[in-house]
Structure formats: C-alpha cells, structure tokens
Amino acid sequence: MQPGRQMKKRTKIIASVLLAIIVAAIVIAFGCPQVAATRNSYFDTSNGQLKVQCVSFGRIYRESVEETEYSKLLKKFGFEELPADWKPANSAELGIRRLFETQHVHHQFAKLPTDATTFAAWLQLQERASEQEKREQLNKFRTLVREGTPEQIHEYVKGLQQNASTK
C-alpha cells in the first residue's frame, strides 16, 4: 500500500470512531436522564401546592404539580387562588451524578411543606372549633406563610403542636 492511502484510511477510522463516541454521548445524555439528573421541589407559598421538576443537562424532562392537604384546605374554605410564588424546598441528585455531588440539598424553605401539612392536620383535628374559627386560623397561617420567614412559620407550627399535646 502507498503511504498516502494508509494515511487516508487511518484518518477515516479515527473520524468514524470519534463520530461514534459523540453520537453515543448524545444518546446517553438526552436519552437516559437517569445518568445525570436532579429532582427539584418547590413550594407555592400562595396556594400551598408542591411542584416537582426533574432536570437533566438543563432540560426539564418531567414536571408535576401536586395538591397538598394545606392547598386542599384553602380550596375547601373558599380562599381565592393567587398567582403562584414557588420557593425552592429541596434538590436531590439522581443516577450516577449522585456519586460525585451532594445527594440532597435542603433550601431555605425545606421545612415549609412539612409545616403546612402539620398545620392542616392540626386544623382538621380541631373538633370544637366552628367553621368560622377554622377559617380565621387558616387565614392567619396563610398570611404567615406568604409574609413570614421559614423560621417564624416553623416556630408557629411547633407552638401549635405543643399546645395540642398539653390539652
């Protein structure tokens, strides 16, 4: 064989292998989000809903908005739905990526979904309270969630639990 032909053949082989590697990487990156994905949750401080987004390489491949016990109470008592105000609650790494990065990140509003669920359970257990009193308690808590800090909300819910346990 001539040296020029060997060089062309070698160049074609190298180009083919590189192309195959690039195509495989693209297929894995976009076809298999479990390789490197992040699940982010957000809490809507206006309406009490929970949004979960799964993101892989900057692309949202799954998103859901779920009703919580707190959001169901707001609807039951006839509170108007306000524009959503999503606050980051937590993030979790999925797939291989969790081996290289922090697996769970709790953001400033991480306790808020749990506090809202606890409040909803507490309110439903108030058998002696009238519907008007429950509505006033719900309105007070809703205002606190929308305008207060996560620490204030958590302290309020802890106080409700302590008061309920002493009765």
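Thresholds, definitions, all that
Residues numbered from 1 in each chain as written. Predicted model: local features only at pLDDT ≥ 70, side-chain atom pairs only at ≥ 80, totals over all residues. Heavy atoms only, no water. Axes fitted to C-alpha atoms, helices over the stretch in contact; angles between N-to-C directions. Helix = DSSP H or I, 4+ residues; strand = E, 2+ residues; numbered from the N terminus. Parallel < 35°, antiparallel > 145°, perpendicular 65-115°, else oblique. Contact = heavy atoms within 4.5 Å. Nonpolar A, V, L, I, M, F, W, Y, C, P; charged D, E, K, R; others polar. Salt bridge = Lys/Arg side-chain N within 4 Å of Asp/Glu carboxyl O. Buried < 20%, exposed > 50% of the residue type's maximum accessible area, 1.4 Å probe, protein only. Pairing = 2+ DSSP bridges.

Draft legend 1. Up close: the packing of helix 2 (residues 69-76) against helix 3 (residues 112-124). Across the interface, helix 2 lies against helix 3 with an axial gap of 7 Å and an inter-helix angle of 50°. Judged by the inter-axis angle, helix 2 sits oblique to helix 3. Here Glu-69, Tyr-70 and Leu-73 of helix 2 lie close against helix 3, whose contacting residues are Ala-116, Phe-119, Ala-120, Leu-123 and Gln-124. Broken down by class, the residue content of the contact of helix 2 with helix 3 amounts to 6 nonpolar, 1 polar and 1 charged.

Draft legend 2. Examining the pattern of salt bridges more closely. Counted by the stated rule, this structure contains 4 salt bridges. Across the pair Glu-67 and Lys-75 runs a salt bridge, and its minimum N-O distance is 2.9 Å. Judged by its relative accessible area of 36%, Glu-67 is partly exposed. Between Glu-155 and Lys-158 there is a salt bridge whose closest N-O contact spans 3.7 Å. Highlighted residues: Glu-155 and Lys-158, both in helix 5 (residues 150-166), separated by 3 residues, approximately one helical turn. Classification of Glu-155 as partly exposed rests on a relative accessible area of 47%.

Draft legend 3. Representation of the environment of Ala-120. With respect to the secondary-structure elements, Ala-120 resides in helix 3. Residue Ala-120 is classed as buried on the basis of its relative accessible area, which comes to 1%. Residues Ala-120 and Ser-71, spaced 49 residues apart in sequence, show a C-alpha to C-alpha distance of 8.9 Å. Setting aside residues up to four positions removed in sequence, Ala-120 forms contacts with Glu-69, Tyr-70 and Leu-73.

Draft legend 4. How the structure looks around the sheet that holds strand 2 (residues 50-56). Here 5 strands make up an open sheet; going across it, the order is 3-2-1-4-5 and the pairing antiparallel. In this open sheet, the two edge strands, each paired with only one partner strand, are strand 3 (59-66) and strand 5 (104-106). Neighbour to neighbour, the strand axes of the sheet diverge by 15° on average, direction disregarded. In the sheet, strand 4 (residues 86-95) pairs with strand 5 via 3 bridges, with the strands oriented antiparallel.

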